[in-house]
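Each chain, letter by letter, is given below.
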Amino acid sequence: INRSLSAVGDCVQSLVAKSRHVPFRNSRLTHLLQDSLGGESKVLMLLCVSPDESDCSETLCSLNFAARARNVELGPAKKKAEGAADVRLRGTLRDLEASQSELERTKAEQGRLGEVA
């Protein structure tokens, strides 16, 4: 975990420095977080600290990390382009709505035919 958080810290430092290269591939965690840290979305960082005296050094390290992360300016969040799954889901939803409308028309038509008979 510490190695991955260290890699996140390296990425944060590169973003703060507006470096041309951000080492997202240095760990699986940073590779997974690349879209979130790279400026394509809003990022919220929660920090868990302990008031216990025995955890003072860990809490201080966490606070220092959060202070560095706070200085990162990712820019405005951008609207994410629809993925293939989103497009399929929207198509399926349209098909279901069309089927529901057709079913309602058929029921109404059968109801009118039943009144005539």
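Reading guide: rules and limits
Residues numbered from 1 in each chain as written. Predicted model: local features only at pLDDT ≥ 70, side-chain atom pairs only at ≥ 80, totals over all residues. Heavy atoms only, no water. Patch = residues over 30% accessible without salt bridge, like charges linked within 9 Å, V, L, I, M, F, W, Y side chains within 5 Å. Areas by Shrake-Rupley, 256 points an atom, 1.4 Å probe, with all protein chains shown as cover. Salt bridge = Lys/Arg side-chain N within 4 Å of Asp/Glu carboxyl O. Helix = DSSP H or I, 4+ residues; strand = E, 2+ residues; numbered from the N terminus. Buried < 20%, exposed > 50% of the residue type's maximum accessible area, 1.4 Å probe, protein only. pLDDT = per-residue confidence, 0-100. Expected span 1.5 Å × (residues − 1). Arc of directions from axis to C-beta. Contact = heavy atoms within 4.5 Å. Axes fitted to C-alpha atoms, helices over the stretch in contact; angles between N-to-C directions. Left-handed = near helix turned anticlockwise from the far one by under 90°. Nonpolar A, V, L, I, M, F, W, Y, C, P; charged D, E, K, R; others polar.

With respect to a nonpolar patch on the surface
The grouping of Leu 47, Val 49 and Leu 63 at the surface amounts to a nonpolar patch, some 230 Å² of accessible area in total. With respect to the helices, strands and loops of the structure, Leu 63 is situated in helix α4 (residues 56-70). Overall, Leu 63 belongs to the partly exposed group, its relative accessible area being 42%.

Re the confidence of the model for the chain
With 85% of its residues at a pLDDT of at least 70, the chain reaches an overall mean of 81. Across the chain, the secondary-structure element scoring lowest on mean pLDDT is helix α3 (residues 34-37), at 80, and the one scoring highest is helix α2 (residues 28-32), at 88.

Examining α4
Helix length check: α4 (15 residues) gives 21 Å between terminal C-alpha atoms against 21 Å at 1.5 Å per residue, within 8%. For α4, the full list of buried residues reads Thr 59, Ser 62, Phe 65 and Ala 69. One side of α4 holds all its buried residues, which, seen down the axis, span an arc of 125°. Across α4 from its buried face, at more than 90 degrees, point the exposed residues Ser 57 and Cys 61. Buried residues belonging to α4 abut α1 (2-16).

Details of the packing of α1 against α4
Relative to each other, α1 and α4 sit at 35°, their axes nearing to 9 Å. The two elements α1 and α4 cross, and the hand of that crossing is left-handed. Of the residues in α4, those in contact with Leu 5, Val 8, Gly 9, Val 12, Gln 13 and Val 16 of α1 are Phe 65, Arg 68 and Ala 69. Each residue belonging to the contact of α1 with α4 can be placed in one class, and the counts come to six nonpolar, two polar and one charged.

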